[in-house]
Amino acid sequence: MPGFERLGEEEKRQILDVLDTGVLFRYEFGDQRNGIYKVKEFEEKFAAYTGTAYGQAVTSGTAAVKVALKALGVGIGDEVITQGFTFVATWEAILEVGAIPVFTEIDESLNMDPEDLANKISPKTKCIMPVHMLGSAARIDEIVAIGDAAGIAVLEDCAQAAGCRVKGRHVGSIGRCGTFSFDSVKTMTTGEGGMIVTDDYELWQSMSEYQDHGHDHRPNPGGRGGEGRRFIGFNYRMMELQGAIGLAQLAKLDDFVATQRRNKDRLREIVSLLPNVSFRHLPDEAGDSASHLAFMLADSEQRRRVNAVLQEEGVGAVCFGENSWHFFPQWEHLLAGATQAANGWPFNREDSAGRITYSQDQLPDSMQLLERTLVYPVMLNMDDNRFAFIEAAIRKAASV
Ligand SMILES: *Cc1c(COP(=O)(O)O)cnc(C)c1O
C-alpha cells in the first residue's frame, strides 16, 4: 500500500537538490534557487499524470478538500453530500468552510450509492463529494451525471486512490476537481501533503490565491510584497522538501500500483478459500489501484468468527463497520455536534434550519454491508513466506 515502503535514493537526491540551493520556500528567491521549483514541478507533473491541466499542491489532503470547497464557493448554510464510509477528514473539511455534511449510503463498491445521492439532493446542496475509498473507484460516471443534471459541482476525494483509473481516466479528472493526500500511509507520500487537480483555470487560480493568503502571483515591480489580492486567504502552502519527495514518489507510482495488483491477485486467491466469500464490486477492475482487498462474508456472525481466527493467527483484517475513524455510526463527536466553538458553530446557526441532527442508525444499508466486510491493506513488500503465513491462517478460518 504505502510509498513509505519505498523511500530511497531517488528521494534523497531530490531533497539534496533543494538543500543545495538553501531555498525551502516555493515562491521567490529567484537569484538563489538555480531555477529549482520543486513544488511547481510536482504540481505540473502530477496534473499531467492524472490527465488534468492544473495542479495545486497544499499541506495535506484535508487542506486540499478545504481549499477546493472554498474555490467552489461553498460556505455557511450550504450542504455538501458525501458518503458515510470515509475518513473523518472528508467532512471535517466541509465543516471547516461552515457547510453541513449530508451522508449517503454506500453500495457494494463500498463508495457513494448514486441512487441514495439522488434522494439526498436538496435546494441547499452546493457540492457532491464522492470518495474513492480503499484504492478503488466509486460509480463516478453516474454520480457526475446526477451532479450535471442538478447543476451541482462534483469534487472527488481521491486521498486513498492515487494511481486509480476508471475506463482509462484517472480519478480526480472526472468531476470539477479532485483532491489527493500524500500523508505517511497513502499510496504515494510526501510525509504530509496534498494536491487538487482540475481542468478549470479559474477554479485553479482561486485555489492558488486562497492557499497563499490571497496573493495573486502576478508579476509586478514590487515582487511578492507588491502582489494584489481579490479575497481573504489562508496559508496551506507546500514546502520545497515535500515537492522534492513528491517528484521522486510520483515517478514510482505506476510501479507501486503494478506491485499492488500482483500482490492483491495472490491475496484474493487465498481469501477465496473462505466459504461464502464475495468481493467488493469494482466499477472498472482494470483501473483498480489495488491498495486494499475488501471481501464480504455471509453475515456479521461469520465475519466475527473468521476474523477471530485470523486475529489469533496474527493476520486479523480490518472491519470498518467497527472502526471509529471511518464509519458514520462510530463518529460520536459528529453525532453530538461537538465543536470547539462555544456557540456551537456551524451546527447551531440562527440563519440555518436550526440544529442539524444526525442519528446513529440513519445508514442501515451501509451498516449491513460493512458488518460483513473485511479489508486487508495490500503492502508492496510481501514475499512468499508472508503469503504462505496468511494462507495457513485463512485455511484455519475457513473451517469455523
Ligand atoms: C487521508 C485522507 C484524507 C486526508 O488526508 P491528510 O493528508 O491525512 O490530511 C482525506 N480523505 C480521505 C478519504 C483520506 O483517507
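All of these numbers come straight from a predicted model, not from anything done at the bench.

**Some remarks on the site of the ligand**
Around the ligand, a shell composed of 15 residues is seen, among which Gly 61, Thr 62, Ser 181, Asp 183 and Lys 186 lie nearest. A distance of 2.7 Å separates an oxygen atom of the ligand from a polar backbone atom of Gly 61. A distance of 2.8 Å separates an oxygen atom of the ligand from a polar side-chain atom of Gln 160. Contact with the protein chains removes 94% of the 380 Å² of surface that the ligand exposes when unbound.

**Here's the deal with the domain arrangement of the protein**
Domain assignment breaks the protein into domain 1 (3-252) and domain 2 (254-397). The centre of domain 1, based on its C-alpha atoms, is set 24 Å off from the matching centre of domain 2. Residue-level contacts link 48 residues of domain 1 with 48 residues of domain 2. Counting every contact that joins domain 1 to domain 2 gives 2 salt bridges. With a closest N to O distance of 3.3 Å, Arg 372 and Glu 108 form a salt bridge. Sorting the residues of the side of domain 1 that touches domain 2 by element identifies α4 (89-96), β3 (100-104), β6 (165-166) and α8 (240-271) as the ones contributing at least two each. Among the elements that line the side of domain 1 that touches domain 2, the one with the most residues is β3, at 4 residues.

**Description of the side chain of Ser 181**
Along the chain, the position of Ser 181 falls in strand β8 (residues 177-181). Since its relative accessible area comes to 6%, Ser 181 is described here as buried. There is a polar contact of 3.1 Å between the side chain of Ser 181 and the backbone nitrogen of Asp 183. Setting aside residues up to four positions removed in sequence, Ser 181 forms contacts with Gly 61, Ala 159, Lys 186, Met 188, Gly 193 and Gly 194.

**Some thoughts on the layout of surface pockets**
Of the voids in this model, the largest pocket is the one considered here, and its volume is about 690 Å³. Taken together, 30 residues make up the lining of the largest pocket; nearest its centre are Tyr 27, Lys 40, Trp 204, Ser 208 and His 217. Sorting the residues of the lining of the largest pocket by element identifies α2 (38-50), β1 (54-58) and α7 (201-210) as the ones contributing at least two each. Grouping the constituent residues of the lining of the largest pocket by class yields 9 nonpolar, 9 polar and 12 charged.

**Side note on the packing of α8 against helix α12 (residues 384-398)**
Remark: α8 packs on α12, axes separated minimally by 9 Å, with the N-to-C direction vectors making an angle of 25°. Compared by their axis directions, α8 and α12 come out roughly parallel. Considering the relative orientation of α8 and α12, their crossing is right-handed. Taking contact as the criterion, the partners of Asn 263, Arg 266, Leu 267, Ile 270 and Val 271 in α8 are, on α12, Asp 384, Phe 387, Ile 390, Glu 391 and Ile 394.

**Some points on the sheet that holds strand β11 (residues 292-296)**
Spatial strand order, β10-β11-β12: 3 strands in an open sheet with antiparallel pairing. The open sheet has two edge strands, β10 (278-279) and β12 (373-377), and neither has a second partner. In the sheet, β10 pairs with β11 via 2 bridges, with the strands oriented antiparallel. For Phe 279, the partnering residue across the bridge sits in β11 and is Phe 295. Packed onto the sheet, α8 meets β10, β11 and β12 and runs at close to 20° relative to β11.

**Some points on the sheet that holds β3**
Strands sit in the order β1-β9-β8-β5-β4-β2-β3 across an open sheet of 7 strands; the sheet is mixed. Each of the sheet's edge strands pairs with one partner strand only, and the pair in question is β1 and β3. Strand-to-strand twist of the sheet, defined as the mean angle between neighbouring strand axes without regard to direction, takes the value 25°. Of the pairings in the sheet, the one linking strand β4 (residues 125-129) to strand β5 (residues 153-157) comprises 2 bridges and is parallel in character. What sits directly across from Cys 127, in β5, is Ala 153. Its contacts with the sheet place α4 against β2 (79-83), β3, β4 and β5, and it is angled at close to 145° to β3.

**Considerations on the nonpolar core**
Grouped together as the largest cluster of nonpolar side chains are 36 residues, with contacts concentrated most on Phe 42, Phe 46, Phe 180, Phe 182, Met 188, Met 195 and Leu 253. Mapped by element, the contributors of at least two residues to this core are α2, α6 (140-150), β9 (194-198) and α8. Split by domain, this core shows at least three residues from each of two domains, domain 1 (3-252) and domain 2 (254-397). The residues touching Phe 46, leaving out its near neighbours within four places in the chain, are Phe 180, Phe 182, Met 188, Met 195, Val 197 and Leu 250. Of all hydrophobic cores here, the second largest spans 35 residues; its members include Val 80, Leu 95, Val 97 and Tyr 236.

**Focus on α12**
If you check α12, its first and last C-alpha atoms are 21 Å apart, about what 15 residues at 1.5 Å a residue would give, namely 21 Å. Inspection of α12 places Phe 387, Ile 390, Ala 393, Ile 394 and Ala 397 among the buried residues, and these make up the whole buried set. What you see down the axis of α12 is that its buried residues fit within an arc of 130°, all on one side. Exposed residues lying more than 90 degrees from the buried face of α12 are Asp 384 and Asn 385. On its buried face, α12 is in contact with α8, α9 (300-312) and β12.

What counts as what
- Residues numbered from 1 in each chain as written.
- Predicted model: local features only at pLDDT ≥ 70, side-chain atom pairs only at ≥ 80, totals over all residues.
- Heavy atoms only, no water.
- Near = heavy atom within 4 Å.
- Polar contact = N/O pair within 3.5 Å; in protein donor to acceptor, adjacent residues only side chain to side chain.
- Areas by Shrake-Rupley, 256 points an atom, 1.4 Å probe, with all protein chains shown as cover.
- Domains from an automatic or database assignment.
- Contact = heavy atoms within 4.5 Å.
- Salt bridge = Lys/Arg side-chain N within 4 Å of Asp/Glu carboxyl O.
- Helix = DSSP H or I, 4+ residues; strand = E, 2+ residues; numbered from the N terminus.
- Buried < 20%, exposed > 50% of the residue type's maximum accessible area, 1.4 Å probe, protein only.
- 1 Å grid on protein atoms, 1.4 Å probe; cavity = no way out; pocket = protein on both sides within 12 Å on 5 of 7 lines; lining within 4 Å.
- Points joined across faces, edges and corners; volume = space filled by probe spheres on them.
- Nonpolar A, V, L, I, M, F, W, Y, C, P; charged D, E, K, R; others polar.
- Axes fitted to C-alpha atoms, helices over the stretch in contact; angles between N-to-C directions.
- Parallel < 35°, antiparallel > 145°, perpendicular 65-115°, else oblique.
- Left-handed = near helix turned anticlockwise from the far one by under 90°.
- Pairing = 2+ DSSP bridges.
- Core = buried A, V, L, I, M, F, W, Y, C linked by side-chain atoms within 4.5 Å.
- Expected span 1.5 Å × (residues − 1).
- Arc of directions from axis to C-beta.

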